[in-house]
Amino acid sequence: MLELKNLTKKFQVIPVVNDVSFSVKPGETVGYLGPNGAGKSTTIKMLAGLLNPTEGEILYNGKNIKKIIYEYKQKIGYVPENSEIYPHLSAFDYLMMVGRLRKIPKKKLKTKTIELLRLFNLSIEMDMEIASYSKGMIQKVLISSAIMHNPEILLLDEPLNGLDVTTALVIRDLVKKLSKKGKIIIYSSHILEIVEKICRRVIILHKGSIVADDTVSKLRNLMKLPSLEQIFDQLTVEEDTEAIANEINDIIRL
Amino acid sequence: MDFNKIASNRIPNPFLQFNILTIHFFRRLFQNDMVSFEEQMQERVIGILSIIAIFSGMVAYLILAKYLLIPDTGNSWIERCVFITFCMLIMSFVAILEWDIMVPDERDHANLSPLPIKTSTIFLSKFASLCLFVGLFAISINAISTLSFISILPQAKSLGLLSILKYGIAHITTMFLVCLFSFLSNVFFIGILINFVGYKIFRRISLYIRTFFIIVYVLLFLFFLRLLLYGWENLSFLEKFITNQTSIRIIGKYFPPLWFTDLYESLLGNTKIPFHGSSKYVLISMGILIIGFFISTGIQYKNFLKKIDSSKAKNRFLKKVQSILTGAFDTIFLRNAVQCSIYYFYKKTLKSSMFHKMRIASFVALGIGIIPFQLAFNEILPKTLTGINKTMLSIPLIIYSFLLLGLRGVINIPIKLEANWIFQLTEGKNTRHYFLGLKKAILFNNIIPLFIFFYIFYSILWDRITAFNHCIFGLVLAVLIMEILLINYSKIPFACSYLPGKEKMQFLWLFYLIIFIIYINVITQIELILLKNPHIFVTYFLVIFIIILSIRFYQVFQIYNKNKIQYEEVVDPVMIGLDYKTPTHIR
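Residues numbered from 1 in each chain as written. Chains lettered and ligands numbered in written order. Predicted model: local features only at pLDDT ≥ 70, side-chain atom pairs only at ≥ 80, totals over all residues.

Here we look at the overall build of chain B
Selection criterion: In DSSP terms, a helix is any run of H or I states spanning at least four residues, a strand is any run of E spanning at least two, and both are numbered starting from the N terminus. Three exposure classes are used, based on other C-beta atoms lying within 10 Å of a residue's own C-beta, which is placed from the backbone: buried for 20 or more, exposed for 12 or fewer, and partly exposed in between. This entry defines residue contacts through backbone-placed C-beta atoms, with two residues in contact when those atoms are within 7 Å.
Looking only at helices and strands, chain B has 22 helices and zero strands in total. Out of the 587 residues in chain B, the part that is buried amounts to 29%. Excluding contacts between residues fewer than 6 apart, the proportion of contacts in chain B whose partners are at least 24 apart in sequence is 82%.

What to know about the overall build of chain A
For clarity, the threshold we go by: Put simply, the radius of gyration uses C-alpha atoms, and a globule should come to 2.2 Å times the residue count raised to 0.38.
A tally of helices and strands in chain A yields 10 helices and 10 strands. Its C-alpha atoms give chain A a radius of gyration of 19 Å, within 12% of the compact-globule value 18 Å for 254 residues. For chain A, the spread of C-alpha atoms along the principal axes amounts to about 55 × 55 × 40 Å. A burial count over chain A gives 43% of its 254 residues as buried. For chain A, long-range pairs separated by at least 24 residues make up 68% of all intrachain contacts whose partners lie at least 6 apart in sequence.

Quick look at the interface of chain B and chain A
Which entries qualify depends on this criterion: Under this grouping Gly is polar, as are all residues other than the nonpolar Ala, Val, Leu, Ile, Met, Phe, Trp, Tyr, Cys and Pro and the charged Asp, Glu, Lys and Arg.
Each side of the interface is counted separately: chain B has 26 residues, and chain A has 22 residues. Where the side of chain B that touches chain A is concerned, the elements lending two or more residues are α1 (3-9), α15 (337-352) and α18 (421-426) of chain B. At nine residues, the largest contribution of residues to the side of chain B that touches chain A is made by α15(B). Residues of the side of chain B that touches chain A, tallied by class, amount to 12 nonpolar, nine polar and five charged.

Digging into the sheet that holds strand β5 (residues 63-64) of chain A
Residues and elements named next belong to chain A. The cut-off we apply is this: Note on pairing: DSSP must find at least two bridges between two strands before they are called paired.
As summarised here, the arrangement of the four strands in space is β2-β1-β4-β5, forming an open sheet in which the pairing is antiparallel. Both edges of this open sheet fall to β2 (14-24) and β5, since each of them pairs with a single strand only. With two bridges joining them, strand β4 (residues 55-60) and β5 adopt antiparallel strand pairing. Pairing of Tyr 60 across the sheet is with Lys 63, part of β5.

Re the domain arrangement of chain B
All names here are of chain B. Put simply, the rule is: Note that domain bounds follow an automatic or database assignment of domains.
Under the domain assignment used here, chain B contains domain 1 (26-306) and domain 2 (326-560). Across the boundary between the two partners, domain 1 contributes 10 residues, which contact 12 residues of domain 2. Residue composition of the side of domain 1 that touches domain 2, by class: seven nonpolar, one polar and two charged.

Focus on the confidence of the model for chain B
Residues and elements named next belong to chain B. Quick note on the threshold: pLDDT runs from 0 to 100 and stands for how confident the predictor is about each residue.
Here chain B averages 80 in pLDDT, while 80% of its residues score no lower than 70. Looking at the elements of chain B, mean pLDDT is at its lowest for α1, recorded as 43, and at its highest for helix α20 (residues 464-485), recorded as 94. In the predicted structure, residues 1-9 sits below a pLDDT of 50 and forms four contacts with residues beyond four places in sequence or in another chain. Per-residue pLDDT stays below 50 along residues 582-587; that stretch engages in two contacts with residues further than four places along the chain or on separate chains. Across the predicted assembly, pTM comes out at 0.71 and ipTM at 0.85.

Observations concerning the environment of A:Lys112
All names here are of chain A. Inspection of the secondary structure assignment puts Lys 112 in helix α4 (residues 106-119). Separated by 61 residues in sequence, Lys 112 and Asp 173 place their C-alpha atoms 19 Å apart. If near-sequence neighbours (up to four positions away) are discounted, Lys 112 is found in contact with Gly 99, Ile 104 and Met 148.

Points about the pairing of strand β9 (residues 201-206) of chain A
Residue and element names in this part refer to chain A. Summarising the sheet, strand β3 (residues 29-33) and β9 pair through four bridges and their orientation is parallel. Its bridge partner lying in β9, Gly 31 is registered against Val 202. Looking at chain direction, β9 and strand β10 (residues 209-215) are connected through six bridges and run antiparallel. Opposite Leu 205, over in β10, you have Ile 210 as the bridge partner. Here β9 folds back onto β10 in antiparallel fashion, the turn holding two residues, of which Lys 207 has a positive phi close to 50°.

Some thoughts on the nonpolar core
Short version of the rule: As used throughout, a nonpolar core is a set of buried Ala, Val, Leu, Ile, Met, Phe, Trp, Tyr and Cys residues joined through C-beta atoms within 7 Å of each other.
A:Tyr94, A:Leu155, A:Ile186, A:Tyr187, B:Cys87, B:Cys179 and B:Leu403 are the most contacted members of the largest nonpolar core, which has 176 residues in total. Per-element tally for this core: the top contributor is helix α8 (residues 161-197) of chain B, with 14 residues. Here this core spans two domains, and each of domain 1 (26-306) and domain 2 (326-560) of chain B adds at least three residues to it. The contacts of A:Tyr187, once residues within four sequence positions are left out, are A:Thr29, A:Val30, A:Gly31, A:Tyr32, A:Leu156, A:Val175, A:Val195, A:Ile198 and A:Cys199.

Structural notes on the sheet that holds strand β7 (residues 153-157) of chain A
Hydrogen bonding along the main chain pairs the strands of a sheet, whether they run parallel or antiparallel. All names here are of chain A. The condition that has to hold: Between N-to-C directions, angles cover 0 to 180 degrees, with each direction set by a line fitted to C-alpha atoms, over the stretch in contact for helices.
Pairing in this open sheet of six strands is mixed, and the strands run β6-β7-β8-β3-β9-β10 from one edge to the other. The open sheet has two edge strands, β6 (76-79) and β10, and neither has a second partner. Neighbour to neighbour, the strand axes of the sheet diverge by 15° on average, direction disregarded.

Details of helix α4 (residues 77-98) of chain B
The following threshold applies: The length a helix should cover is 1.5 Å for every residue beyond the first.
With 22 residues, α4(B) should cover 32 Å at 1.5 Å per step; its first-to-last C-alpha distance of 31 Å lies within 8% of that length. Counting buried residues in α4(B) gives 18 out of 22 residues, a clear majority hidden from the surface.

Some words on the packing of helix α17 (residues 390-410) of chain B against α20(B)
All names here are of chain B. Put simply, the test is: Oblique is the label for every angle not falling under 35 degrees (roughly parallel), over 145 degrees (roughly antiparallel), or within 65 to 115 degrees (roughly perpendicular). It is the rotation of the near helix from the far one that decides the hand of a crossing: anticlockwise by less than a right angle makes it left-handed, clockwise makes it right-handed.
At a closest axis distance of 10 Å, the pairing of α17 and α20 adopts a crossing angle of 25°. Compared by their axis directions, α17 and α20 come out roughly parallel. The hand of the α17/α20 crossing is right-handed. The segment α17 lies against α20, with Leu 393, Pro 396, Leu 397, Tyr 400, Ser 401, Leu 404 and Arg 408 engaging His 470, Gly 474, Ala 478, Ile 481, Met 482 and Leu 485. A per-class count over the contact of α17 with α20 returns nine nonpolar, three polar and one charged.

A short note on unusual backbone geometry
All names here are of chain A. Even without being a glycine, Asn 6 presents a positive backbone phi close to 45°. Inspection of the secondary structure puts Asn 6 in strand β1 (residues 2-11). Among the residues examined, Asn 6 registers 12 C-beta atoms within 10 Å and is labelled exposed. At Asn 150, a position not held by glycine, the phi torsion is positive, near 55°.

Re helix α10 (residues 241-252) of chain A
Spanning 12 residues, α10(A) covers 17 Å between terminal C-alpha atoms, matching the ideal 16 Å at 1.5 Å per step. Burial of α10(A) is sparse: only zero of the 12 residues sit out of reach of the surface.

Points about the packing of helix α3 (residues 91-101) of chain A against α15(B)
Interhelical geometry of α3(A) versus α15(B) gives an angle of 150° and a closest axis separation of 7 Å. Of the possible angle classes, the one that applies to α3(A) and α15(B) is roughly antiparallel. As for how α3(A) packs across α15(B), the hand of that crossing is left-handed. Residues A:Asp93, A:Met97, A:Arg100 and A:Leu101 of α3(A) touch α15(B), and the partners they reach there are B:Ala337, B:Val338, B:Cys340, B:Ser341, B:Tyr344, B:Phe345 and B:Lys348.

Put into structure tokens, the structure is as follows:
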């Protein structure tokens, strides 16, 4: 089980994530939602061990991840929000490098790499430099690198960025399958429609704090709203969106 | 008010576009793969221009100093010609640093073609930006030197203020044209090369051509310094050449500095020089260069539009052979997965990053530039080139020392810092393998290939056994130097942040130079003894082996086991405090 206890992250003195606590059981897929700047990616980065929390702790199976950081990192797969990847390597080279760093046995690694690239329709481009890839292709490489070592925990930060409809559907089904196999999945996204379909439970973050943590159906009943999008709007949107749209329209016509 | 109507009726102003693009291209000239001024751009540019201005001023003063004592008998054109050559050399060096950024590239095409900009505006603004750039350097080169030229030369001394102004204008005009000619010649050469061999091949050979030119310019520069310090006296062939009227007239047609010297003298009203009339070549060549610039960039632009198909399949047989060889290599030398990963990351980064390659190439070029100095210093004659002496032994030592220093510096520079999260995410407990992978990568990709070349070279000069012994001696020493240079290194190559300037070269260069000279002499002396007594080689290997082993033990127990991989370099404190609060015994 993955537990976050009173997690706070401050940049300078400004809290980006403020006293966040929740836990995720194996086989559970949690939708982690929030508007831009709510602190979703920062939380995911702390869960990936890339950022240290200012306060609070993250426990994996009851142990603070700081104490078992290397073992913990071996168990996680992470798809970052920004597709930062070495552009001078090919997809094949990149996955081989990641696989080696993850210590996947040599024989299995090559097969896994080639097969994953084939399944993501990257066989033809696998020897080309990533610099020439589209955003969607880079995303496929990142997803492959996150799942190739069969991790126990999957941290997905906007995993469908730039993906075509078919691949997005593949990922949706894959997440469901991995969840059934007992993986812990934290799925952060803006596409509420997909979150609603994949995740039973959602956590909504606003200005660094949790404003809702429940199953989608319970939230619907509780707030008497028909969709997750409307629940999200109710909890996080403070401005009159139509008025802002009108103002933007006026400005571009200047 | 109907905003739509106004927006659709708005026509882009070509003059405004030209201005914006000129500034854009001008700024891009300071952000290339050799020199990056992204941070504190203004300060750095001013710093470099000031250094060039002071240096050129000193050179001008040194050239003209004799006229403070001896009156000019009408031969001061020689000094002008020397200074023109110096300017050309400086500008060519600057052009080499700018290299492929001088012509509009794929990036310009990709960014600018979707915008409503005429192709002619792009070309003209590129040309204008180059002129601005040259102008900036021309001002820098001549800012102080002009004072020497208008005040020291006796002709100028005796004249009034207006005539001094005339001298100044003649000097500045000629020098600007000299700089522009020199810069455009390089641009023209690159343009021809790209169009002749194609952009794809150009990218592959570009590094080698650039390195070649760097070496040539370093050598010419050292030769120039020698001329400045010792004069023509012991270069009798040059003296004869200058005094021979016929030969100088002939060479006047082919040697650009003489064209500009004639232009300079003509502007001053002096027609009594042996190669008078050659200034017409200035106009002709400038015309050719400017037209050539537009034609070659035009063809390049057309070629970009064609889009080269880069997805050509590799030869299957070759791919299979390569795969077998790589597999065998990995099994023998890179058994650990992390080592393997770092090894290939290093290899592929160095292969594809022009920025890193150019940094290393400039280090190696500097080393190669020192060799003729070393040969001249020890008065090596062609006959003794085949002999086993300290100078000949020092050649590989200088080159691989510079190569390793270059590599040590270059691995600090990240290829894409934001992408290093993958290393942070996958970091394992045993960090030792990251550094073993790096050392193996340097050994197999840089050191061993270099020594294979040295072996071939020395086998031609000497007998094979001596050549082999010499190379083995160097190879073992190179490994030791690598170990020493990486002793406290705890980063992943090309993946971690770095803070430049920690070596404090501006203050310590003389100290480093002295140490380097001592080091060269001591090592070559040891090697000379070893080559004369090959049976001592065993002791030598044993000593080196023990030192390397000690370094490895130190690294494992004092560095790798205690420290994590350093992804971010810590900034030195701006002010170092006296730390008076901590008791002395703890400090």
